[in-house]
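Report on the structure
Chain residues, written in single-letter form:
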Amino acid sequence: MITIHLHQLTFHSFHGIYEEEKLLGNDYEINADIEFHEEHDEITSMRETINYVNLYNIIEQQMNISTPLLETVVMNIGKTIKEKHDTIRSVKIQLTKMHPPIPGIQGEVGVSWCK
């Protein structure tokens, strides 16, 4: 089994249910772990693996779509990745909102999805 990791990807996006979030946006961090079964004893070409540039492009596209719920965002990212690559065994997406609009909070909030 091989796992591709895309970690600490940062985006400024406009997800959220509050009008302020839709106007000002927020900073987000994504971690993605994509596991697939290698078909050969040794991977020697791009045809035998999953191009992490393509994975990043899927994540970036979904982060550019303003969505009310973070749960929807991670599910859409994960499902799109799985649809594009039939060798994938599992996908885990973790999305963190770096500056949540909660009075007095010191920290971050987030969701993760694994399938």
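Shown above is the structure to which this text applies.
Note that the coordinates shown come from a computational prediction; the quantities given were computed from them, not determined experimentally.

Looking now at the overall build of the chain. Along its length, the chain carries 3 helices and 4 strands. Reading the secondary structure of the chain in the N-to-C direction produces β-α-β-α-α-β-β. Here the C-alpha coordinates of the chain stretch approximately 55 × 25 × 20 Å along the principal axes. Long-range contacts, defined here as pairs at least 24 residues apart, represent 60% of the contacts in the chain between residues at least 6 apart. Counting only carbon and sulfur atoms, one obtains 49% of the accessible surface of the chain, whose full area is about 7200 Å². Computing the positive centroid from 9 side-chain charges and the negative centroid from 17, the chain places the two 7 Å apart.

This part is about the sheet that holds strand S1 (residues 2-13). Strand order across the open sheet formed by 4 strands is S1-S2-S3-S4, with antiparallel pairing between neighbours. Because the sheet does not close on itself, it has two edges, and the strands there are S1 and strand S4 (109-114). Looking at each pair of strands side by side, their axes are set apart by 10° on average, direction ignored. Sheet topology places strand S2 (residues 26-36) next to strand S3 (residues 88-97); 9 bridges connect them, and they run antiparallel.

For the rest of this paragraph, the subject is unusual backbone geometry. Backbone geometry at Gln8 places phi at a positive 55°, although glycine is not the residue there. Within the secondary structure, Gln8 is located in strand S1.

Now for helix H3 (residues 70-84). Over its 15 residues, H3 extends 22 Å from the first C-alpha to the last, a length consistent with the 21 Å expected when each residue adds 1.5 Å. Every buried residue of H3 is accounted for by Leu70, Val73, Val74, Ile77, Gly78, Thr80 and Ile81. For H3, the arc enclosing every buried residue in end-on projection is 165°, short of the 170-degree limit, so these residues lie on one face.

Rules used in this analysis
- All residue numbers refer to positions counted from 1 along the written sequence of the respective chain.
- The model is predicted, so local features are restricted to residues of pLDDT at least 70 and side-chain atom pairs to those at 80 or more, both for listing and for counting; the totals for chains, interfaces and linings are taken over all residues.
- Excluded from the side-chain calculations are hydrogens and water; all other atoms, namely the structure's heavy atoms, are used.
- Helical segments are the DSSP runs of H or I of at least four residues, strand segments are the runs of E of at least two, and each set is numbered from the N terminus.
- Contacts are assigned to residue pairs with any non-hydrogen atoms lying within 4.5 Å of each other.
- Method for areas: the Shrake-Rupley scheme with a 1.4 Å probe, in which residue coverage is limited to the protein chains shown.
- By the counting scheme adopted, Arg and Lys are positive, Glu and Asp are negative, and His together with the chain ends is not counted.
- Note on charges: their place is set at NZ of Lys, CZ of Arg, CG of Asp or CD of Glu.
- For two strands to pair, DSSP has to find at least two bridges joining them.
- Only the stretch in contact is used when fitting a helix axis, every axis being a line fitted to C-alpha atoms; angles between N-to-C directions are given from 0 to 180 degrees.
- To estimate the expected span of a helix, count its residues, drop one, and scale the result by 1.5 Å.
- For each residue, the accessible area found with a 1.4 Å probe, counting protein chains only, is set against the maximum for its type, and the residue is called buried under 20%, exposed over 50%, and partly exposed in between.
- Arc definition: directions from the helix axis to the C-beta atoms.

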